[in-house]
Amino acid sequence: MWVREKLETLLVKALGELYNLSVVKDDITINVTRPEFDGEYTFVMFPFIPKIKRKPQEIGDSIGDYLKSKGLISGYNIVKGFLNLSIKNNHWLDFADYVAEYSDFGKVKPHGEKVIVEFSSPNTNKPLHLGHIRNILLGWSVYKILKETGYDVTRTQIINDRGIAICKSMLAWNKWGGGKTPDDTGIKGDHFVGDFYVRFESNFKEEYTNWQLSEEGQLIYSSVHKEGQSEKEFFSSYKNQYFNLYSKLGAEAREMLISWENGDRDTVALWKQMNQWVYNGFDKTYDALGIIFDKNYYESSTYLEGKKIVNEGLKEKVFFRKDDGSVWVDLEERGMDKKLLLRKDGTSVYITQDLGTAELRYKEMGANKMIYVVADEQNYHFDVLFEICKILNKPYSGGMYHLSYGMVDLPTGKMKSREGTVVDADDLIAEVKKEAGSIALEKGEINLLEQDEKDDIIHTIGIGALKFHMIKVQPQKRMVFDPKESVDMQGQTGPYIQNAYVRIQSILRKNKELEFVRGSDYAPSTMEKELLVQLSEYPVELKKASEEFDPSVMANFSYKLAKTYHRFYNEHRVLSAESEEARQFRIVLSQSVAKVLKRSMNLLGIDMPNKM
RNA sequence: GGCUCCGUAGCUCAGCUGGAUAGAGCAACUGACUUCUAAUCAGUAGGUCGCAGGUUCGAAUCCUGCCGGGGUCACCA
C-alpha cells in the first residue's frame, strides 16, 4: 500500500472514529496540494462540514492530529475547508524504493474479464490515411490500458473487403492495368490498388460530364430537376442515380459485384489477388506503427451470420417484413427510427454485417464486452446496433461500447479525397521520421552509433512524436491536425518526454553503484516531493483512463511527469549531489521516474530510446 | 427541423464525477550550456472560460434557454 492509499484508508477511519461517519474511499476528495501551500496532499473537508457541524479549523485539527498520531504525516495546515498534509519523509523514501525496484506499480492483477477492442477496420480499396491513424492509435492504446488494468483483451479489426468499391478497383485494373502488379511497379500494394480506384473515379467523372451534355442528360435534367435547382446543383446531386441507371462504367462495376456474389471463379480470383496486395501494403503501415491484431474479421465472411440473426429476429417477431420483402426493425418506441436490416432482394446492409460480426465474436471468444473504435459520424449507427442487440437479448448487449472520436481536420478545413487533401498515412510516417532524422543529425548525440541503431532511434522518435501528437487530444474532440506541428519535437511532444527518459538513462549509465541506502533519513526537497506525488498519481490516472477508455489521460500524465523531471534536473545535481544520501536518493528517484515514464508511454504505444 | 458532439490565451490543447488566485505548449521577447544530453530550464507578455439565467458555502465544471461550429437522420459503408 502506498502513500496515497494509506492516506485514503486512514481518512476513512478517521471520519468513522472521530465523527461516527460511515464513508468509503470514493466519498473523499484528495487533491494534490497547490504549490503555493505547504504539504503534498490536500483533503477537501467541505462536503463533511455540514454533517459534522463543527468549524473547519476544529475538524482539521482533529483529523490532522489523528493522521499525525498514526505516523503518516509530519504536519498539516488548514486553509478554509482545505486540510493540507505533509507526508512524513520515510513514507516517501519507501515509496521511491518500491517504484524503482518493482515493475508492477499501478498494474492491476489479471481478473480474466474478456474484452474485444475493434479498431482500424479499413476498406480495401484505398490506403490508410490520417483518420485511420487516429483510430489505430486510440484503439491500440485502449488495448494497452485495459490490459494494464487486468482485462483479457483481444485486438481485432473488421475489414470491409467486399462491395462495390473494391469492384471499381478490380474493373479499372482489368481495363487499364495491363497485367501489372505491385512487384512489377515497385508500388506499395494498397497504393497500387488505390490508384486504380482513383482511375476508375476519374474515368467515371469524365463519362458523367460527357453525359450531362448529351441529349439524354439534358432531357433528364429538364424533367427531373427541382424548381430553382441549377444545372450544376442538380448534376452533383444526381451522381448516384446516374451511376446506377445510366453509367456504362457503373453497369460494369455492378456486373462485377454480381459476378462476385455468384462466386464466379475469375472474379473471385481477381478479388483475392487485389485484396492480398492491399493487405501486404497495410501490413507495412501497421508494422511501422508497431500494430498487430489477434484476429481479423472480413465482411465477406460475416455478412451471412448477420442474415441468420435477422431471421432469428423475424421468427421472434421483433423484426417485421414489408410487402416488398425487405426486413425492418421498429425502434420508434425507443426514440429512434425504423431501420432496414435486409434489402428487398435479400442482400445485407452495413448493420446486418455488424450484427453478424458481434455474434461471431461472442461465439468464438466468449467476450461479452466489446469496444468499437469508430469515428463519431457513426454515433447513430451504433446506438441502433446496440439497441437491436438489446431487443434480441444478446448476452453481450450490455457490454457494447462505441468509443467515438472526432474526425481529423486540416488547418485548411476538412480532408476531402475529391480535392486531394487527404493526408496519406505512409507519407506522414515518412515525414516525421525525416524530421526526427534531421534534428538528430543536428544534435549529434547519436552520430557515432551504428546505422541500424541510429535508424531505430530515429524511428522511435519520429513515430513517438506523431503518436503523442494524436493521442494527447481527448477522443471525443474534433482535432485540427497541422502537419507542421505534428513534426514538432519541442515542448508538449513525445520527444520531450523521451528526452526526460534519455537523460535519466545517461545518468544511470554513468553511475556505478546502484545499491540503495535503506533507512536513510534524507529529507527530500519540495521539488523532489512534487516528483514523488506525481509518481503516486500513476495508478489514479491509469484507473481513470481505463474507466473512461481515454488514452489522452495517460498522455497528459506522461507529459506532466516529464516536465517536472526536467525541472528537477535543472535544479538538482544527481551524480554530483551535495551529499552521498542525496545522490543515492536522487538516483532511486530518477530510476522510478524513468520506469513510470516508460510504462505510461508504453500505454500509448510509444517506445523510449536510450539515447537521442 | 429532430437527435447528438464541440466552444477555455493569437494558434493547438489541459483542467469538466462542483473546490483555493483557470493551466501548458507553440508563436513573440529576455536570460541560463568549459558543469549528469539545451529535443532542456527560468522569466516577461497574453483570458468577458461562446452568451444569459438557475442550483449553493463555492460553477470553466451541474441544470435550462439561446448563439456559433461539426456529425447524423440512405434499400452507402
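Treat the numbers as computed from the prediction; the structure is a model and nothing was measured.

## So, the overall build of chain A
In terms of helices and strands, chain A carries 24 helices and 15 strands. For chain A, the C-alpha atoms occupy an extent of roughly 90 × 65 × 50 Å along the three principal directions. Entry remark: accessible area of chain A is about 29500 Å², with carbon and sulfur atoms responsible for 48%. The average position of the 83 basic charges and that of the 90 acidic charges among the side chains of chain A differ by 2 Å.

## Quick notes on the packing of helix H8 (residues 189-213) against helix H13 (residues 265-289)
The N-to-C vectors of H8 and H13 enclose an angle of 130 degrees; their axes lie 6 Å apart at closest approach. What the angle tells us is that H8 and H13 run oblique. Where H8 abuts H13, its residues Gly189, Asp190, Phe192 and Val193 lie against Met274, Trp277, Val278, Gly281, Phe282 and Thr285.

## Brief notes about unusual backbone geometry
The general pattern is negative phi for most residues beyond glycine and trans for most peptide bonds. Although it is not a glycine, Asn20 adopts a positive phi angle of roughly 60 degrees. As for its placement among the helices and strands, Asn20 is situated in the loop between helix H1 (3-19) and strand S1 (30-32). Judged by its relative accessible area of 70%, Asn20 falls in the exposed class.

## Concerning the protein's contact with RNA strand B
Residues in close proximity to RNA strand B total 65 residues, the closest being Phe82, Asp324, Lys414, Tyr496 and Ser506. Restricting the count to atoms of RNA strand B within 4 Å of the protein gives a sugar and phosphate share of 64%. Contacts to RNA strand B include Tyr496, whose side-chain N or O atom sits 2.4 Å from a phosphate oxygen. The separation between a base nitrogen of RNA strand B and a polar main-chain atom of Met612 is 2.9 Å. Every element with two or more residues in the surface near RNA strand B is listed here: strand S2 (41-44), strand S4 (82-87), helix H17 (425-443), strand S15 (479-480), helix H20 (494-510) and helix H23 (552-571). When residues of the surface near RNA strand B are assigned to their parent elements, the largest contribution, eight residues, is made by H20. Split into classes, the residues belonging to the surface near RNA strand B amount to 26 nonpolar, 18 polar and 21 charged.

## Focus: the pairing of strand S11 (residues 370-375)
Taken across its six residues, S11 has six buried, putting it largely inside the fold. Going residue by residue along S11, you find Met370, Tyr372 and Val374 tucked away on one face and Ile371, Val373 and Ala375 tucked away on the opposite face as well. Sheet analysis places S11 next to strand S12 (residues 400-405), joined by six bridges and oriented parallel. Residue pairing across strands places Ile371 opposite Tyr401, the latter belonging to S12.

## As for the sheet that holds strand S14 (residues 413-414)
Reading across the sheet, the three strands line up as S14-S13-S15 and stay open at both edges, with mixed pairing between neighbours. The sheet is open, and its two borders are formed by S14 and S15, each paired with just one other strand.

## As for the side chain of Glu299
Within the secondary structure, Glu299 is located in helix H14 (residues 299-315). Glu299 has contacts with Ile158, Ile159, Asn160, Asp161, Arg162, Tyr350 and Gln353, leaving out every residue within four places of it along the chain.

## Quick word on the packing of aromatic side chains
Any aromatic ring pair is given by two values, namely how distant the centres are and how the planes are angled relative to each other. Scanning all chains against the criterion turns up 43 aromatic pairs. Ring geometry for Trp211 versus Tyr242: centroids 4.6 Å apart, planes at 40 degrees, classification tilted. With a gap of 31 residues between them, Trp211 in helix H8 and Tyr242 in helix H11 (residues 239-245) connect regions that are remote in the sequence. Residue Trp211 is classed as buried on the basis of its relative accessible area of 8%. Owing to a relative accessible area of 2%, Tyr242 belongs among the buried residues under this scheme.

## Comments concerning the packing of helix H4 (residues 89-101) against helix H21 (residues 526-536)
At their nearest, the axes of H4 and H21 sit 11 Å apart, and the two run at 60 degrees to each other. Classed by the angle they form, the pair H4 and H21 counts as oblique. Remark: the crossing between H4 and H21 carries left-handed chirality. For the pair formed by H4 and H21, the contact residues are Asn89, Trp92, Phe95 and Ala96 on the first element and Lys529, Leu532, Val533, Leu535 and Ser536 on the second. Per-class residue counts for the contact of H4 with H21 are six nonpolar, two polar and one charged.

## Things to note about H4
The terminal C-alpha atoms of H4, which comprises 13 residues, lie 18 Å apart, in line with the 18 Å expected from a rise of 1.5 Å per residue. Residues of H4 that are buried include every one of His91, Trp92, Leu93, Phe95, Ala96, Asp97, Tyr98, Val99 and Ala100, and no others. Buried positions along H4 lie against H1, S2, S4, H21 and helix H24 (580-602).

## Some details on the pairing of strand S6 (residues 152-159)
Most of S6 sits out of view: seven of its eight residues are buried. Taken together, the four bridges between S6 and strand S7 (residues 295-298) define a ladder with parallel strand orientation. Bridging from a neighbouring strand, Thr156 pairs with Lys295 of S7.

## Description of the environment of Lys175
Its location among the elements puts Lys175 in helix H6 (residues 164-176). Among the residues examined, Lys175 registers a relative accessible area of 34% and is labelled partly exposed. Once the C-alpha coordinates of Lys175 and Met608 are considered, the two residues, 433 residues apart in sequence, prove to be 48 Å apart. What Lys175 contacts, discounting residues up to four positions off in sequence, is Leu249 and Glu252.

## Here's the deal with the sheet that holds strand S8 (residues 319-321)
The sheet built from three strands is open, its strands ordered S8-S9-S10 with antiparallel pairing. The strands lining the two open edges of the sheet, one partner per strand, are S8 and strand S10 (338-342). In this sheet, adjacent strand axes meet at a mean angle of 35 degrees when their direction is disregarded. Strand direction decides the pairing type here: strand S9 (residues 327-330) and S10, joined by four bridges, are antiparallel. Considered in S10, the bridge of Val329 is made with Lys339. H14 rests against S8, S9 and S10 of the sheet, and its axis sits at about 90 degrees to S8.

## Observations regarding the confidence of the model for chain A
Averaged over all residues, the pLDDT of chain A is 93; the fraction at 70 or higher stands at 99%. The ipTM, which scores confidence in the relative placement of chains, is 0.96 for this predicted complex, and the corresponding pTM is 0.95.

The rules behind the values
- Throughout this description, residue numbers start from 1 for each chain and increase along the sequence as written.
- Chain letters and ligand numbers both follow the written order, the letters beginning at A and the numbers at 1.
- Owing to the predicted nature of the model, reporting of local features is limited to residues with pLDDT of at least 70; listing and counting of side-chain atom pairs is limited to 80 or more, with chain, interface and lining totals taken over all residues.
- Computation of side-chain values covers all heavy atoms of the structure but excludes hydrogens and water.
- In this text, helices come from DSSP runs of H or I with a minimum length of four residues, and strands from runs of E with a minimum of two, each type numbered from the N-terminal end.
- Exposure was quantified through the Shrake-Rupley algorithm and a 1.4 Å probe, taking into account, for residues, occlusion by the shown protein chains and nothing else.
- Under this rule, positive means Lys or Arg and negative means Asp or Glu; His and the chain ends count for nothing.
- Where a charge sits is defined by one atom per residue type, namely NZ (Lys), CZ (Arg), CG (Asp) or CD (Glu).
- Only the stretch in contact is used when fitting a helix axis, every axis being a line fitted to C-alpha atoms; angles between N-to-C directions are given from 0 to 180 degrees.
- Angular relationships are summarised with four words: roughly parallel below 35 degrees, roughly antiparallel beyond 145, roughly perpendicular across 65 to 115, and oblique for the angles in between.
- The contact criterion used is simple: two residues touch if any of their non-hydrogen atoms lie within 4.5 Å.
- For each residue, the accessible area found with a 1.4 Å probe, counting protein chains only, is set against the maximum for its type, and the residue is called buried under 20%, exposed over 50%, and partly exposed in between.
- In this text, near means that some heavy atom of the residue lies within 4 Å of the molecule or strand in question.
- N or O atoms closer than or at 3.5 Å make up a polar contact, with two conditions inside protein: a donor-capable atom paired with an acceptor-capable one, and, for residues adjacent in sequence, both atoms drawn from side chains.
- For this scheme, ten residues count as nonpolar: Ala, Val, Leu, Ile, Met, Phe, Trp, Tyr, Cys and Pro. Four count as charged, namely Asp, Glu, Lys and Arg, and the remainder, Gly too, count as polar.
- We treat two strands as partners when DSSP finds at least two bridges between them.
- Centres within 6.5 Å make a pair out of two Phe, Tyr or Trp rings, where for Trp the six-membered ring is used; the pair is then stacked when the planes are under 30 degrees apart, edge-to-face when over 60, and tilted otherwise.
- Crossings are assigned a handedness: left-handed for a near helix turned anticlockwise from the far helix by less than a right angle, right-handed for a clockwise turn.
- Each helix should span, by expectation, one fewer than its residue count multiplied by 1.5 Å.
- pLDDT gives the predictor's per-residue confidence on a scale running from 0 to 100.

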